[in-house]
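Examination of the molecular architecture
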Amino acid sequence: MELKSRNLLGAILLFILLDLSVLAINFWITFRLSNDAVAINLSGRQRMLSQQITKSLLQLQPRLSVEASRAAKEEFRESVRIFDQTLFAFKEGGMAVSSDGGHVALDRVSSVHADQLVKQAAQIWNPMHERMLPYMTAQADIPETVVVQARNQMIQDNRQVLDLMNRLTSSLERDSLNRASALRIVQTAVFILALVNFLVIVRKFHLLTQQSAKTSRHFNELAIRDALTGLFNRRQFENTLQKELAAVDRGHHSNVALVMIDLDGFKAINDQHGHGVGDIVLCTVATRLSDGARLNDTVARVGGDEFMLICPNLHSQENANAFCQRLLDSLKQPIPTDISPMQIGASFGIAFYPDQANSIEALIRMADAAMYATKKIGKTCPFFIPG
């Protein structure tokens, strides 16, 4: 008993540790995404600054008034300072001016591709950096010759700088997504471990041993629906058919008609357009059959493109023909898909219990034979009912 208590306590402590690990990873993801968002935002700002530098240089013309010239030079100087500081922070790591005018720490770009982009941009920018270094204080006036040289450089290099900053932004976004995905995978793995450990704790509390396995098998046996269409599957179809035939034997029904339907032209659609379009066609067929069936009818998908209907009290062949004609008219309507509307046909085989068969096997066999006879006869007889 003491050993079991220790095991249970160990499992609880492990669950708490794993739960705290999930919280820590989630905090780290939030922290990394926040830092990545800042870096991505600043790399996007570099593009704006490059444009602003070029604009300021173009405004600095000899005809400009002294006041306007001073303002343009200050704007140019500030843009160069922020661009230079941010580019250096991307390259080596360090402080940069944030979007709100404060200061933010930037890590050196980590990926090889982003590092190459930053180095290329720094190489292009370096002449501007060297040229403007002596004039970065507000007291130092920028000579006209320096303005002209800077203007010529930006006219020549601005497009390339913009392209590099665009690619850097995309690279940082991609790196952030990959990093977040990797952390999410780790987080998911830890969460799954915590969940498994929690299940172990529950199992220890409730002593779910062989009974849980039996219950699991029981729930598996309750899977009665076709996964794609939501119709009854073959096993449930056979169970329902058995019950309906038993109802006839007890006198609750006058008869049961079994309608077997095989789609015409479906294989060509599946082969030509793929399983995605084929699945749309099958789901649409299932919906139309369900909508066309009567309240007490059972619709099932028993094969790839094979469907069956169990129809109690379908009193005569004339009623069966009229019922199946309505279903066929519905199935022949174009089926909308992502590619184009699809057209299919269907072959029907009908058999009655107890008039034409005296067992489930015989009834299915009779309906199947009738359906293949319909395929063989073709459009001259859309519904074949054995005599």
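Up top is the structure.
About the thresholds
- Residues numbered from 1 in each chain as written.
- Predicted model: local features only at pLDDT ≥ 70, side-chain atom pairs only at ≥ 80, totals over all residues.
- Heavy atoms only, no water.
- Patch = residues over 30% accessible without salt bridge, like charges linked within 9 Å, V, L, I, M, F, W, Y side chains within 5 Å.
- Areas by Shrake-Rupley, 256 points an atom, 1.4 Å probe, with all protein chains shown as cover.
- Salt bridge = Lys/Arg side-chain N within 4 Å of Asp/Glu carboxyl O.
- Helix = DSSP H or I, 4+ residues; strand = E, 2+ residues; numbered from the N terminus.
- Buried < 20%, exposed > 50% of the residue type's maximum accessible area, 1.4 Å probe, protein only.
- Phe/Tyr/Trp six-rings, centres within 6.5 Å; stacked < 30°, edge-to-face > 60°.
- Lys NZ or Arg CZ within 6 Å of the ring centre and 35° of its normal.
- Pairing = 2+ DSSP bridges.
- Polar contact = N/O pair within 3.5 Å; in protein donor to acceptor, adjacent residues only side chain to side chain.
- Contact = heavy atoms within 4.5 Å.
- Expected span 1.5 Å × (residues − 1).
- Arc of directions from axis to C-beta.
- Bend = angle between axes of the 7 residues up to and from the residue.
- Axes fitted to C-alpha atoms, helices over the stretch in contact; angles between N-to-C directions.
- Parallel < 35°, antiparallel > 145°, perpendicular 65-115°, else oblique.
- Left-handed = near helix turned anticlockwise from the far one by under 90°.
- Nonpolar A, V, L, I, M, F, W, Y, C, P; charged D, E, K, R; others polar.
- Core = buried A, V, L, I, M, F, W, Y, C linked by side-chain atoms within 4.5 Å.

Attention shifts here to a nonpolar patch on the surface. Together, F191, I192, L195, V196, F198 and L199 make up a nonpolar patch on the protein surface, roughly 550 Å² of accessible area in all. By the element assignment, L195 lies in helix 4 (residues 144-206). Overall, L195 belongs to the partly exposed group, its relative accessible area being 41%.

Looking now at the packing of aromatic side chains. The tally for this structure, following the rule as stated, stands at zero aromatic pairs. The ring of F323 is capped by R294, whose NZ or CZ atom sits 6.0 Å from the centre of that ring.

Judged by which residues are buried, strand 4 (residues 298-301) turns out to be covered on both faces: T298 and A300 on one side and V299 and R301 on the other are all buried. Across four bridges, strand 4 lies against strand 5 (residues 306-312) in antiparallel orientation. Of the residues in strand 5, the one forming a bridge with A300 is M308. Where strand 4 folds back onto strand 5 in an antiparallel hairpin, the turn is made up of four residues.

Inspection of the entire model under this criterion finds twelve salt bridges. In this structure, R81 and E78 form a salt bridge, with 2.5 Å as the shortest nitrogen-oxygen distance. Taken together, the positions of R81 and E78, both in helix 2 (residues 66-92) and three residues apart, correspond to about one turn of that helix. With a relative accessible area of 36%, E78 lands in the partly exposed category. When salt bridges with common partners are traced through the structure, they connect R108, D115 and K119 into a single cluster.

Within the secondary structure, D262 sits in strand 3 (residues 256-264). At 2.8 Å, the side chain of D262 and the side chain of K375 are in polar contact. Among residues more than four places away in sequence, those in contact with D262 are D305, E306, G345, A346, S347, M371 and K375.

Right, let's get into helix 9 (residues 317-331). With 15 residues, helix 9 ought to run about 21 Å at 1.5 Å a step, and its terminal C-alpha atoms sit 21 Å apart, in line with that. Listed in full, the buried residues belonging to helix 9 are A320, F323, C324, L327, L328 and L331. Seen from one end, helix 9 has its buried residues packed into an arc of 135°, which puts them on one side.

Okay, helix 3 (residues 112-132) next. Across its 21 residues, helix 3 extends 29 Å between first and last C-alpha, which sits within 8% of the 30 Å expected from 1.5 Å per residue. In helix 3, a bend of some 45° at W125 exceeds every other bend along the element, and P127, a proline, comes one to four places later. Looking at helix 3, one finds that the buried residues are A114, D115, L117, V118, A121, A122, I124, W125, M128 and M132.

Their axes nearest at 11 Å, the elements helix 6 (residues 234-249) and helix 10 (residues 360-377) cross at an angle of 110°. Taken as axis vectors, helix 6 and helix 10 run roughly perpendicular relative to one another. By crossing handedness, the relation of helix 6 to helix 10 is classed as right-handed. Contacts between helix 6 and helix 10 involve F237, E238, L241, Q242 and L245 from the former and I360, L363 and I364 from the latter. Looking at the contact of helix 6 with helix 10, its residues break down into six nonpolar, one polar and one charged.

Core analysis: the largest hydrophobic core is formed by 39 residues, its most contacted members being F76 and F90. Where this core is concerned, the elements lending two or more residues are helix 1 (2-59), helix 2, strand 1 (94-97), strand 2 (103-106), helix 3 and helix 4. Excluding residues that lie within four positions of it along the chain, F76 makes contacts with I53, S56, L57, M128, M132, I142 and A150.

This paragraph deals with the packing of helix 7 (residues 266-273) against helix 8 (residues 275-292). A pair of packed helices is characterised by two quantities: the angle between their axes and the separation of those axes. In contact at an axis separation of 7 Å, helix 7 and helix 8 are set at 145° when each is read in the N-to-C sense. Along its contact with helix 7, which presents F266, I269, N270 and H273, the element helix 8 presents H275, V277, G278, V281 and L282. Grouping the amino acids of the contact of helix 7 with helix 8 by side-chain chemistry returns five nonpolar, four polar and no charged.

A word on the side chain of S43. Tracing the backbone shows S43 in helix 1. A polar side-chain atom of S43 sits 2.9 Å from a polar atom in the side chain of T169. Aside from chain neighbours lying at most four places away, what touches S43 is F90, M165, L168, T169 and L172.

This part is about the pairing of strand 3. In terms of residue burial, strand 3 counts as a mostly covered element, since eight of its nine residues are buried. With seven bridges joining them, strand 3 and strand 5 adopt antiparallel strand pairing. Counterpart to I261 in the pairing with strand 5 is F307. Looking at chain direction, strand 3 and strand 6 (residues 345-353) are connected through nine bridges and run antiparallel. Looking at the pairing, I261 lines up with F348 of strand 6.

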